[in-house]
Amino acid sequence: MPTKYLLREDQIPRHWYNILADLASPPAPVLHPQTRKPVGPQDLAPLFPMAIIEQEMSTRREVPIPDEVRGALALWRPSPLFRAERLERAIGTRSHIYYKYEGVSPSGSHKPNTAVAQAFYNAKEGVKRLATETGAGQWGSSLAFAGALFGLEVTVYMVRISYEQKPYRRSMMQTWGAKVFPSPTDKTNAGRGILAKDPRSNGSLGIAISEAVEDAATHDDTKYSLGSVLNHVCMHQTVIGLEAQEQMKLAGEHPDVVIACHGGGSNFSGIALPFVRDKMNGRNVRLLAAEPSSCPSLTKGVYAFDYGDTVGMTPIVKMHTLGHDFMPPGIHAGGLRYHGAAPLVSRLLHDGLIEAVAYPQRACFEAAVTFSRSEGIIPAPESSHAIKAAVDEAKKADAEGKSRVILFNLSGHGHFDLGAYDQYFAGKLEDFEYPREEVERSMANLPRVEV
Ligand SMILES: Cc1ncc(COP(=O)(O)O)c(C=O)c1O
């Protein structure tokens, strides 16, 4: 039995799949943060190049991938699909487990799939600099790499606690030529406002987004780039699922369940959306998003209109949200700490097309260690949520006397996260269930909209 299923370089997908074309009714409107009226392309123009704005709103089912972007993707794509036979043996399951491995990219995760596309379109429209935020550093390093490929300067606002805990992610970004600042900074009104209230703020993704958006909005040569959540980002990631569909054909199996971890939703979208299309066309397949119980936007969040950032500078979107003033607990080791979920993923959950599950971090690390000791790869803490879900699905099938075909996305390796593994082995990681009362408290602060 083959261990991995590989595609040739000329089998890198030629189109992204845009699920907006297949939704039963149009998505909820995106609202301007001040007027609270639906935004048009001109409202987004200070932040994004026109090609990206068009993609964000497009209902074309298949969007061609430019040759320059396919050329950049060819540096690491097509990524391999593995049959996790050793993991199956380690947990003693009859189910077949497959994983698509996105850790082969230069920055070590799925994030460059959209970073190279975004850098390409910005460079083509004459943009000189991109501003962005990063939490654990995966997105910032991916955009730094993509900026280097397409000749763009990159400024990264990195959540302060990660800036301090992950110096080598910063070194990576600097090697690719990016400037990195610990957020909140004193460089933006948003950052100064937060520091005035809490000079020792650990920062959060929501705050760093406010800073990057302000930077882009106040500099003519600069645009903003987001690594998750938005429609175009989810669409750029569909190369993962499109390749996986071809690879599962090589393996001669159809997945019964497709699993990915969920932070802002682009990773889950990447592997799941092409299979959601199969489901809409009548195939029996489940799609399962795995999130941390310390930041459970899909399983405890409310489906409501909210800001994408903390300060209220971004458009207001309808999504599953914990509230834009969510502050992630500092004890959590991995990424996946965003208060909201991609509007697309939220809509699919609301429509009952996908499912979500939340796990505490120690159980995820336990699954990650079992995986490392059988399959070899040391997973990113984010990806360990998908492994935990895959192992649980296999065990559930065994208990029911069934054998299932399980496919999950291993979104990245954990080579820069060994500090978190150290903490896990030292027994210093704590589990944390984000309280429902906190969600209810934050709901009082949602923007009031009339839709
Ligand atoms: C390795 C890895 N996997 C998954 C995610 C979550 O991605 P998304 O925001 O697209 O859900 C991240 C986020 O940084 C990540 O670094």
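Throughout what follows, the structure given in this document is the object of discussion. The structure presented is a predicted model; accordingly, all values stated were derived computationally and were not measured.

Here we take up the site of the ligand. By nearness alone, 15 residues border the ligand, and Ser 228, Gly 263, Gly 264, Ser 266 and Ser 411 come closest of all. Here an oxygen atom of the ligand sits 2.8 Å away from a polar atom, N or O, in the main chain of Gly 263. A distance of 2.6 Å is found between a nitrogen atom of the ligand and a side-chain nitrogen or oxygen belonging to Ser 411. Per-class residue counts for the shell around the ligand are three nonpolar, 10 polar and two charged.

Within this structure, the stated rule accounts for 21 salt bridges. Note that Arg 8 is salt-bridged to Asp 10, the shortest N-O span being 3.0 Å. Among the residues examined, Arg 8 registers a relative accessible area of 52% and is labelled exposed. Using a relative accessible area of 44% as the deciding quantity, one classes Asp 10 as partly exposed. A salt bridge links Glu 85 to Arg 89, with the shortest nitrogen-to-oxygen separation between them at 3.7 Å. One end of the pair, Glu 85, and the other, Arg 89, are both in helix α4 (residues 85-91), four residues apart, so they sit about a helical turn from each other. According to the relative accessible area criterion, Glu 85 is partly exposed, its value standing at 28%. In this structure, a network of salt bridges that share partners links the residues Arg 77, Lys 100, Glu 102 and Glu 243.

The next thing to look at is the side chain of Arg 337. Within the secondary structure, Arg 337 sits in the loop between β13 (316-321) and α14 (343-350). For Arg 337, which is buried and forms no salt bridge, the nearest opposite charge comes from Glu 382, at a distance of 6.7 Å. Setting aside anything within four residues of it in sequence, one finds Arg 337 in contact with Ser 162, Cys 295, Phe 326, Pro 328, Pro 329 and His 332.

Cut-offs applied
Residues numbered from 1 in each chain as written. Predicted model: local features only at pLDDT ≥ 70, side-chain atom pairs only at ≥ 80, totals over all residues. Heavy atoms only, no water. Near = heavy atom within 4 Å. Polar contact = N/O pair within 3.5 Å; in protein donor to acceptor, adjacent residues only side chain to side chain. Nonpolar A, V, L, I, M, F, W, Y, C, P; charged D, E, K, R; others polar. Salt bridge = Lys/Arg side-chain N within 4 Å of Asp/Glu carboxyl O. Buried < 20%, exposed > 50% of the residue type's maximum accessible area, 1.4 Å probe, protein only. Helix = DSSP H or I, 4+ residues; strand = E, 2+ residues; numbered from the N terminus. Lys, Arg positive; Asp, Glu negative; His and termini not counted. Contact = heavy atoms within 4.5 Å.

Purely geometric stuff here, so don't read any function into it on its own.
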